[in-house]
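For reference, the chains in residue letters:
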Amino acid sequence: MSVEAAPQGKLPWRQWFRLGEYPMLRAIRRVADRRRQADGDFAWLFNPYTGDELVSLDCETTGLDTRHAELVSIAAVRIRDDRVLTSESLDLRLAPPASLSGDSICIHRLRGVDLEGGLEVREALTTLLEFIGNRPLVGWCIDFDLAMLDRYLKAEFGFSLPNATIDVAQQYRKRLRRSHPEIEVQPTFEQLAERLGVPIMGRHTALGDAVTTALMHLRLESGALTAPSR
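Residues numbered from 1 in each chain as written. Predicted model: local features only at pLDDT ≥ 70, side-chain atom pairs only at ≥ 80, totals over all residues. Heavy atoms only, no water.

Novice: How should I be thinking about the packing of aromatic side chains in this particular structure?
Specialist: In this description, a pair of aromatic rings is defined by centroid distance and the angle of the planes. All told, the structure shown has five aromatic pairs when counted by the stated rule. Taking 5.3 Å as the distance between ring centres and 65° as the angle between the ring planes, the aromatic pair formed by Phe42 and Phe157 counts as edge-to-face. With Phe42 in the loop between helix H1 (22-36) and strand S1 (53-61) and Phe157 in helix H4 (residues 142-157), this residue pair connects regions lying 115 residues apart in the sequence. For Phe42, a relative accessible area of 12% gives the class buried. Ring geometry for Phe46 and Phe159: centres 5.8 Å apart, planes at 70°, overall edge-to-face. Of this pair, Phe46 sits in the loop between H1 and S1 while Phe159 is found in the loop between H4 and strand S5 (165-167), placing the two residues 113 residues apart along the sequence. Residue classification places Phe46 among the buried positions, given a relative accessible area of 6%. The exposure class assigned to Phe159 is buried, which follows from its relative accessible area of 0%. Note that Arg78 overlies the ring of Phe131, its terminal NZ or CZ placed 4.2 Å from the centroid. The aromatic ring of Phe189 is capped on one face by Arg203, whose charged end is 3.9 Å from the ring centroid. (Phe/Tyr/Trp six-rings, centres within 6.5 Å; stacked < 30°, edge-to-face > 60°. Helix = DSSP H or I, 4+ residues; strand = E, 2+ residues; numbered from the N terminus. Buried < 20%, exposed > 50% of the residue type's maximum accessible area, 1.4 Å probe, protein only. Lys NZ or Arg CZ within 6 Å of the ring centre and 35° of its normal.)

Listed below in structure tokens is the structure:
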């Protein structure tokens, strides 16, 4: 579920999730986690990445409060050079969570019946960790996804994701600020995709959003930048 998907009348997401604080908290946790996991099965995740791939990541959840929402689906797709490798992707559905409700189903369109036979949390997280490795992660408002995943990872394995990250929403704002410092924008996912000429692949599905986000990242890296019309 995207942070933009809050139903009307709900509190703005920034009131419950202070986006600017999370990267700093992650940096502090990473140091402690690396020390605790030095002899663990996942110690290799804390090694510096020396390859040439990124991984675009997205999660769908039962809500927007990262303290209480539950994971519904997780998807990731690898990026190499200027290509999104859809043949090297991961699309996981979890067992139906207790908090699955009509409000969230209207967003991600995954009903309880669609999640029957889904993975248990520990298996899904293990599969995800093996797929992403220590590659840098790309996402849209990625701190939301990280906060969700880290809550589960801490409970199951005792550490948070140590990966470097690229937030495509922030990437766009920073690049626009350099070329058009007089413009301050907070584009939605759909607006930025349109400005960059990127097709939206299955909005509010984890894999669709991961692929679209990967394409937006590559367009920004290639120098495509369109200022919003006034």
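Next, the rest of the story.
Novice: Just checking my understanding: could you explain the pairing of strand S2 (residues 71-80) for this structure?
Specialist: Along a regular strand, successive side chains alternate from one face of the sheet to the other. Most of S2 sits inside the fold, with nine of its 10 residues counted as buried. In this sheet, S2 lies alongside S1 in antiparallel orientation, the contact comprising nine bridges. Paired with Ser56 across the two strands is Val77, which belongs to S2. Across eight bridges, S2 lies against strand S3 (residues 83-93) in antiparallel orientation. Residue pairing in the sheet places Arg80 in a bridge with Arg83 of S3. Taken together, S2 and the strand that follows it, S3, pair antiparallel across an intervening segment of two residues, in which Asp81 is found at a positive phi of about 55°. (Pairing = 2+ DSSP bridges.)

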